[in-house]
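Understanding the architecture of this molecule
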Amino acid sequence: MPLLILTMSAILAGIAFISFRYQLRNWQRLRSESLASDDRRYLRGVFQRRTLNAVLLLCLAGMLAGSYLSGGLEELGRLDGVKKEDMTEDDRAALKSLVIYWMIVLGLVFFVMAVAVSDYVALGLYGRQQLRRIRTEQRDLLERDLAMVRQQKLNDRMKRLE
């Protein structure tokens, strides 16, 4: 069990660092390239959400590693074997602090998921907005071409009548 928790913690920390590195590249791209305002706003939001998620994952990794390194898991295992009547005040205080600790871990997991879902939703909204823009541009080009073809036909008719 301890090896699993330390491995999970290392994997989460690795994911957080890799994500943070990619977001720094995006930030440099955002600052160096000339982009449309909606693209710039979207990329800024992506940078903020994914950087926040990397920080939350790093905190989660630290808390998982801390639960093992601080001896909290052994304490929880020890308290699991103690009957409720035999618990001392120190045992109750330790149990309460462990419950609060794991509630914070679960809260971090919830926030990681919430930020990931908000990033997914923002990606969908941005994609639909860009698709709408492309469709509008294509429709405008087709309407312009249609008007030119109609004008050409009208000119051809006029030449035949002369």
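Above this text is the structure in question.
Residues numbered from 1 in each chain as written. Predicted model: local features only at pLDDT ≥ 70, side-chain atom pairs only at ≥ 80, totals over all residues. Heavy atoms only, no water.

Considering all chains together, one arrives at four aromatic pairs under this definition. Aromatic pair Tyr42 and Tyr126: ring centres 3.9 Å apart, planes at 5°, arrangement stacked. With Tyr42 in helix H2 (residues 37-69) and Tyr126 in helix H4 (residues 89-161), this pair connects stretches of sequence that are 84 residues apart. Note on accessibility: Tyr42 and Tyr126 belong to one class, buried. On the numbers, 5.9 Å between centres and 80° between planes, the contact of Tyr101 with Trp102 is edge-to-face. (Phe/Tyr/Trp six-rings, centres within 6.5 Å; stacked < 30°, edge-to-face > 60°. Helix = DSSP H or I, 4+ residues; strand = E, 2+ residues; numbered from the N terminus. Buried < 20%, exposed > 50% of the residue type's maximum accessible area, 1.4 Å probe, protein only.)

Moving on, we come to the nonpolar core. In this structure, Leu12, Leu56, Leu57, Leu60 and Leu108 are the most contacted members of the largest nonpolar core, which totals 15 residues. At the level of secondary structure, the elements contributing two or more residues to this core comprise helix H1 (2-32), H2 and H4. For this core, the element with the most residues is H2, which contributes seven residues. Counting residues in each nonpolar core, the second largest holds five residues, with Leu30, Tyr42, Leu43 and Tyr126 among its members. (Core = buried A, V, L, I, M, F, W, Y, C linked by side-chain atoms within 4.5 Å.)

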